[in-house]
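Okay, here's what each chain looks like letter by letter:
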Amino acid sequence: MNSIGKKLSGMAAAAAVAPFVLVAAANADTPNTVYFNYGPEVNCAITGDGTVGCDVAPSRIVAIPVGNAAVPVPFPVDQVVIDQPALPAHPGFARGAFTRPGGNPNMSDVKTGEGYASISVSHAGATCVATGGHYSGPGLSCTSKGHAFSLYSTGGGVRSGIIMS
């Protein structure tokens, strides 16, 4: 199977498995979980087992890197998650699973690291890094279990898409 076929079949497998995997994550206030927001549109959490995910509103266009190109997924998503080492980052299907009732604290309030124009939150082997001037953008990248996703901006602070790998 070629590289594109492998990536697309991996996404199909992730979509098929995700509703079952995310049932446990659907509790919006899970113990041993670090919650944070990346601005008013993105609420994220890192659970005690290293699962990392973000609820995004409004929905975003998703792209999967294939070679030197980014192949868009034909539907917008409102959640992205890394929950299994065998699966790439993928859309989630448990809306609100990574958001506490009343919203998540600001990322800068729970940060575990800081660099030049960036802050990070690390927990249970997962790390999310916000980059850009004064922590406002242009992106948030999360890594865990050998995979990653990035929410990115095309400018003006507007978060416009998600890259999953």
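Residues numbered from 1 in each chain as written. Predicted model: local features only at pLDDT ≥ 70, side-chain atom pairs only at ≥ 80, totals over all residues. Heavy atoms only, no water.

**Q** Help me understand the nonpolar core, please; the structure alone is not making it clear to me.
**A** Proteins that are soluble and globular tend to have nonpolar side chains buried together. L140, F149 and I162 are the most contacted members of the largest nonpolar core, which has 28 residues in total. At the level of elements, β2 (42-46), β3 (52-66), β5 (77-82), β8 (118-123), β9 (126-131), β10 (139-144), β11 (147-153) and β12 (159-164) are the ones that each hand at least two residues to this core. Here the element with the most residues in this core is β3; it accounts for six residues. A45, V81, A94 and A97 belong to the second-largest nonpolar core, a separate cluster that totals six residues. (Core = buried A, V, L, I, M, F, W, Y, C linked by side-chain atoms within 4.5 Å. Buried < 20%, exposed > 50% of the residue type's maximum accessible area, 1.4 Å probe, protein only. Helix = DSSP H or I, 4+ residues; strand = E, 2+ residues; numbered from the N terminus.)

**Q** How should the side chain of N104 be read in this particular structure?
**A** Tracing the chain through its elements places N104 in the loop between β6 (90-91) and α2 (107-110). Relative accessible area serves as the criterion here: at 7%, N104 is assigned to the buried category. Polar side-chain contacts of N104 include one of 3.2 Å to the backbone oxygen of F36. Excluding its chain neighbours within four sequence positions, the residues that come into contact with N104 are Y35, F36, N37, N43, C44, F98 and T99. (Polar contact = N/O pair within 3.5 Å; in protein donor to acceptor, adjacent residues only side chain to side chain. Contact = heavy atoms within 4.5 Å.)

**Q** Honestly, the environment of L87 in this entry has me stumped. Any pointers?
**A** Among the secondary structure elements, L87 is positioned in the loop between β5 and β6. Taking the relative accessible area as the measure of exposure, L87 reaches 14% and is therefore buried. Counting along the chain gives 60 residues from L87 to H147, while the straight-line C-alpha distance between them is 8.1 Å.

**Q** Got a minute to help me understand the confidence of the model for the protein in this structure?
**A** Taken over all residues, the pLDDT of the protein has a mean of 80, while the share at 70 or more is 73%. In the model of the protein, helix α1 (residues 3-21) stands out as the element of lowest mean pLDDT, 43, in contrast to strand β1 (residues 34-37), which has the highest, 97. A low-confidence stretch, residues 3-28 stays under pLDDT 50, and its non-local contacts, those more than four residues away or across chains, total 43 contacts. (pLDDT = per-residue confidence, 0-100.)

**Q** Looking at this structure, how should I read the state of the cysteines?
**A** Think of a disulfide as a covalent bridge from one cysteine sulfur atom to another cysteine sulfur atom. Within this structure, the stated rule accounts for two disulfides. Sulfur-sulfur distance for the disulfide between C44 and C54 comes to 2.0 Å. An S-S torsion of about 105° defines the bridge between C44 and C54 as right-handed. Of this pair, C44 sits in strand β2 while C54 sits in strand β3, placing them ten residues apart in sequence. Using a relative accessible area of 0% as the deciding quantity, one classes C54 as buried. The disulfide partner of C128 is C142, and the gap between their sulfur atoms is 2.1 Å. Disulfide C128-C142: the torsion about the S-S bond is 115°, which places it as right-handed. In this pair, C128 is assigned in strand β9 and C142 in strand β10, connecting sequence segments 14 residues apart. (Disulfide = S-S within 2.5 Å.)

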